[in-house]
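# Secondary and tertiary structure notes
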Amino acid sequence: MSAPRDKFGRPIVVVTGMGVVTSLGAGKQDNWRKLTAGVSGIKTVTRFPIDGLKSTMAGTVDFVTVDPVTSTGLTERLAEMATEEALEQAAIGAKADFPGPLFLAVAPVEVEWPQRLELGRAIGKTEFGYDDMLRISGGGRYTKYHHRFMFGSVASHLAEAFGTKGSPISLSTACASGATAIQLGVEAIRRGDADAALCVATDGSVNPEAMVRFSLLSALSTQNDPPQAASKPFSKNRDGFVMAEGAGAMVLESYESATARGAKILGVVAGCGELTDSFHRTRSSPDGKPIIGCMRKTLADAGLEPEQIDHINAHGTATPENDKMEYNTTAVVFGEHLPKIPVSSNKSMVGHTISAAGAVEAVFSLLTLEHQRIPPTINYEIPDPAILFDVVGNKARDAKVTAVMSNSFGFGGQNASLILTREPV
Amino acid sequence: MTEPKSPDAKEVWITGIGIVSSLGEGLDAHWDALNGKKINIDDKRFAPYIVHPLAPVTFDAQIPKKGDQRQMEAWQRIGTYAAGLALDSAGIKGNKEILGRTDMIVAAGGGERDLAVDVAIMTADAKGNSSPAFLNERLMNDLRPTLFLAQLSNLLAGNIAIVHGVCGTSRTFMGEEAASIDAARIALARIESGQSEIALVGAAHNGERSDLLVLYEFGDYNLKEKFAPVWQREGNNGFALGSAGCFLVLESREHAEARGAKPYAKLTKVVADLAQRKQPGAVTKSLEALWPKLGIAGDSGNLITGATGAEPVTSEEKAFLRQHPGFAVRATGTMFGHTLETQFPLGLALAALSLSRGALFPPNDPSGFEVEKAGHPDQIVVLGAGHWQGEGMALVEAVK
């Protein structure tokens with residue numbers, strides 16, 4: 001590694017710590033071992049009754065429990081675990097004294113059913129309305145639920161626990177949130193506002209209403225049996241994504257600051273890009289221009305040509321529309337070079353961790369660079385003949401990987417891409 | 001984050017303002033209402049709780065397709081409407097070239113619930129009629145499929161992209177009052193550093209929601225029974241939720257000048273903090289620490305605060321303000337109610353409006369804490385201290 005600035009004169013942003021939790025397990029080691037062995041973390045849901053649901057499987061993180069049971073509480077705990085791992089690896093600052101800001105991608109927060117039902121039962125009547133709920137909500141009995149169900153609650157807990165500096169930012173760009181958290185960190189370091197940033201993305205929101213909501217939009221796979229075969233990115237018989245939980249955390253630093261303190265550099269965030277699609281609330285513009293533009297902006301931001309990308313960590317949700325659109329747009333951007341790029345979707349094994357996905361997959365992309373081994377896309381039995389990616393199907397592949405593009409696309413026209421490299425480019 | 005501004009930092013202008021609230025819509029209506037000391041409250045609909053209801057608005061004017069309006073709940077319509085007003089005010093409405101590279105940061109909470117579905121499930125449960133499958137079946141059968149899209153925090157930004165074509169980048173910050181302080185802070189930092197040239201920043205809030213009243217009632221934050229101005233709530237503290245949408249167009253001076261746009265004001269500084277409020281006085285200390293970072297010369301001036309009226313934060317903020325008696329204070333909470341994420345952009349908007357009209361609007365406070373201020377302001381401080389966390393300030397200045 002040479003100059004501390006990139007070819008555009010900006011501080012180079014490196015990664016010095018990473019943490020991850022998914023349905024496969026806690027920590028990079030466990031996740032990487034299972035991910036490269038083609039193990040699925042998708043199971044039939046046991047956390048709540050599945051009667052009456054069309055989709056009954058998810059990548060829940062069942063080995064972590066919180067009391068009281070809330071999705072926001074689990075979301076917070078997953079973030080904490082991933083952050084602890086990232087900070088231990090980075091060995092930066094002191095305990096509870098991280099020397100930079102927090103950017104947190106987090107699922108939108110709301111009062112949840114167990115608490116709502118608790119309130120309803122406390123009214124003491126069998127016919128009531130929101131007015132009656134209001135009458136018993138005050139007086140200090142439910143103060144803890146105010147704090148729990150504030151949107152800023154997860155970030156403020158992490159900011160206090162890890163001593164991040166300034167006002168922590170909680171953000172949502174739907175399924176692109178994790179990538180956006182990393183992008184905000186990169187921008188802060190490039191501006192010189194910070195030498196280090198903690199970027200975390202977390203989602204623990206597999207609950208009945210969340211599953212119903214996606215189900216009503218026909219976004220989820222209904223191939224419930226066997227659950228581990230449901231997520232089939234790039235397959236002809238794919239029928240939707242599988243909801244999942246997880247968290248990813250990254251310590252970003254300027255190259256200069258990381259080398260000055262002798263930190264081990266795990267990789268480089270060489271480029272970030274984002275471009276909004278204004279076509280529809282849930283569907284991509286049929287011409288794919290916003291996604292194409294997003295990938296091109298990211299290449300330009302990294303100062304790389306398409307030929308220099310040698311692996312794509314796809315958004316690859318396994319919805320019929322996403323995978324087709326992702327292929328069509330990627331084909332335009334990479335042209336003749338595309339057949340030489342192995343593509344894989346981690347979501348085949350861990351499911352779609354929604355708000356966390358961008359960061360979870362960025363961590364897996366960096367592990368791919370470290371191990372020079374690409375995790376497989378499992379359940380790839382019947383390739384979709386219209387998707388001509390070189391899919392790393394079913395078995396991990398050893399490959400020379402120097403630059404990975406990781407894509408994230410979300411409802412609301414959110415498109416974000418990252419380029420991760422082993423060395424500064 | 002405490003570094004002095006880089007010498008290369010670009011000057012950032014506020015070139016567009018869109019406001020819709022309980023006082024009306026647009027800049028003239030708001031200027032007249034503020035000067036007329038107008039307050040619009042409804043103490044019947046959610047009695048004993050008081051809200052500031054949205055003034056009548058013809059949404060068609062900014063959201064022409066009925067289909068788009070149907071896809072949104074009230075908070076998104078309010079925000080999409082206010083965003084349209086801001087784009088009109090900046091003169092970039094319909095300008096595909098500029099809108100296609102306009103960056104957007106929206107501060108948002110979540111959307112409306114289907115209260116009837118909630119109540120049906122809760123009453124059945126209270127009657128003991130809930131089998132394990134009951135919740136799932138009711139949700140599967142009774143929820144409107146597209147309601148989710150009206151609830152997702154990032155779908156206000158999504159709707160603004162669809163309706164108005166703002167599609168450079170799109171980021172949604174969450175976290176109550178602090179979310180919009182940070183939205184302004186990040187948008188300013190990006191433009192100052194050249195990472196962005198033009199941005200749409202703002203928020204929207206529907207305060208006429210029983211489910212939100214329940215959420216804030218958990219913490220005993222709602223104003224009940226009798227309305228009083230924010231500084232006169234010692235015996236009966238709390239906030240009255242308000243409905244409002246407010247968006248600003250921020251752009252570099254070069255970008256504005258190149259297209260011949262006129263500024264309302266310039267946004268010079270935005271600073272933010274997260275005080276650990278377990279210690280009494282933490283908010284006062286946090287605000288004291290933020291104050292010198294604004295770089296204000298002199299000990300007199302003007303200040304617009306989003307003070308909520310809830311305690312203990314309002315008293316702690318007042319203790320800070322008493323240390324700066326030369327500053328004429330205006331609390332937007334009295335006139336607009338508490339609009340959560342929208343309160344800080346509203347403060348910025350009213351500061352820019354006041355600077356462009358050459359006067360600070362009059363006090364609306366029988367307690368005498370807010371005082372008359374004659375003369376032409378050239379700087380206005382905007383302050384936000386969230387009802388339970390998050391503190392921030394901005395400095396808005398006249399363009400000379």
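Described below are features of the structure shown in this document.

Calculation criteria
Residues numbered from 1 in each chain as written. Chains lettered and ligands numbered in written order. Predicted model: local features only at pLDDT ≥ 70, side-chain atom pairs only at ≥ 80, totals over all residues. Helix = DSSP H or I, 4+ residues; strand = E, 2+ residues; numbered from the N terminus. Buried ≥ 20, exposed ≤ 12 C-beta atoms within 10 Å, placed from the backbone. Contact = placed C-beta atoms within 7 Å. Nonpolar A, V, L, I, M, F, W, Y, C, P; charged D, E, K, R; others polar. Pairing = 2+ DSSP bridges. Core = buried A, V, L, I, M, F, W, Y, C linked by C-beta atoms within 7 Å. Axes fitted to C-alpha atoms, helices over the stretch in contact; angles between N-to-C directions. Parallel < 35°, antiparallel > 145°, perpendicular 65-115°, else oblique. Left-handed = near helix turned anticlockwise from the far one by under 90°.

### Topic: the overall build of chain B
Looking only at helices and strands, one finds 15 helices and 13 strands in chain B. Viewed in the frame of its principal axes, chain B has a C-alpha envelope of about 65 × 55 × 40 Å. Classification of the 400 residues of chain B by burial places 60% in the buried group. Intrachain contacts of chain B at a sequence separation of at least 6 include 81% that bridge at least 24 residues.

### Thoughts on the interface of chain A and chain B
Contacts between chain A and chain B engage 67 residues on the former and 66 residues on the latter. Mapped by element, the contributors of at least two residues to the side of chain A that touches chain B are helix H3 (113-122), helix H4 (130-137), helix H5 (143-148), helix H6 (153-162), strand S6 (169-172), helix H7 (177-191) and helix H8 (208-216) of chain A. Its residues assigned to classes, the side of chain A that touches chain B comprises 28 nonpolar, 24 polar and 15 charged. Relative to strand S5 (residues 170-174) of chain B, S6(A) is paired through three bridges, and the arrangement is antiparallel. Bridge pairing links A:Ser172 to B:Thr172 in S5(B).

### What to know about the nonpolar core
Ranked by size, the top nonpolar core spans 271 residues in total, and within it A:Leu104, A:Val200, A:Met250 and A:Ala359 carry the most contacts. Once you skip the residues sitting within four places of it in the chain, A:Leu104 turns out to touch A:Ala79, A:Val154, A:Ala155, A:Leu158, A:Pro168, A:Ile169, A:Ser170, A:Leu171, A:Ala181 and A:Val200.

### Topic: the packing of helix H3 (residues 74-90) of chain B against helix H8 (residues 155-164) of chain B
Residue and element names in this part refer to chain B. For the pair H3 and H8, the least separation of the axes is 9 Å and the interaxial angle reads 50°. With respect to H8, the element H3 is oriented oblique. For the crossing formed where H3 meets H8, the hand is right-handed. Listed contacts from H8 to Trp75, Gln76, Gly79, Thr80, Ala83, Gly84 and Leu87 of H3 are Leu155, Leu156, Asn159, Ile160, Val163 and His164.

### As for the pairing of strand S1 (residues 13-22) of chain A
Residue and element names in this part refer to chain A. Taking burial as the measure, the 10 residues of S1 include 10 buried ones, the bulk of the element. Where S1 and strand S8 (residues 246-254) come together, nine bridges link them in antiparallel fashion. Paired with Val15 across the two strands is Leu252, which belongs to S8. Pairing geometry for S1 and strand S9 (residues 267-274), over two bridges, is antiparallel. Residue Val14 lies in a different strand from S9, and its bridge partner there is Val268. Summarising the sheet, S1 and strand S2 (residues 25-26) pair through two bridges and their orientation is antiparallel. Following the sheet pairing, Thr22 is matched in S2 by Gly25. The turn joining S1 and S2, which pair antiparallel and follow one another in sequence, is formed by two residues.

### Things to note about unusual backbone geometry
Residue A:Pro68 is reached from A:Asp67 by a cis peptide bond, and omega for that bond is 0°. Considering the arrangement of structural elements, one finds A:Pro68 in the loop between strand S4 (57-58) and helix H2 (71-90). Omega for the bond connecting B:Glu311 with B:Pro312 falls within 30 degrees of zero, at 5°, which places this linkage in the cis form. Position of B:Pro312 relative to the elements: it lies in the loop between strand S10 (301-305) and helix H13 (313-322). Phi at A:Ala91 is positive, roughly 45°, even though this residue is not glycine. Position of A:Ala91 among the secondary structure elements: in the loop between H2 and strand S5 (102-106).

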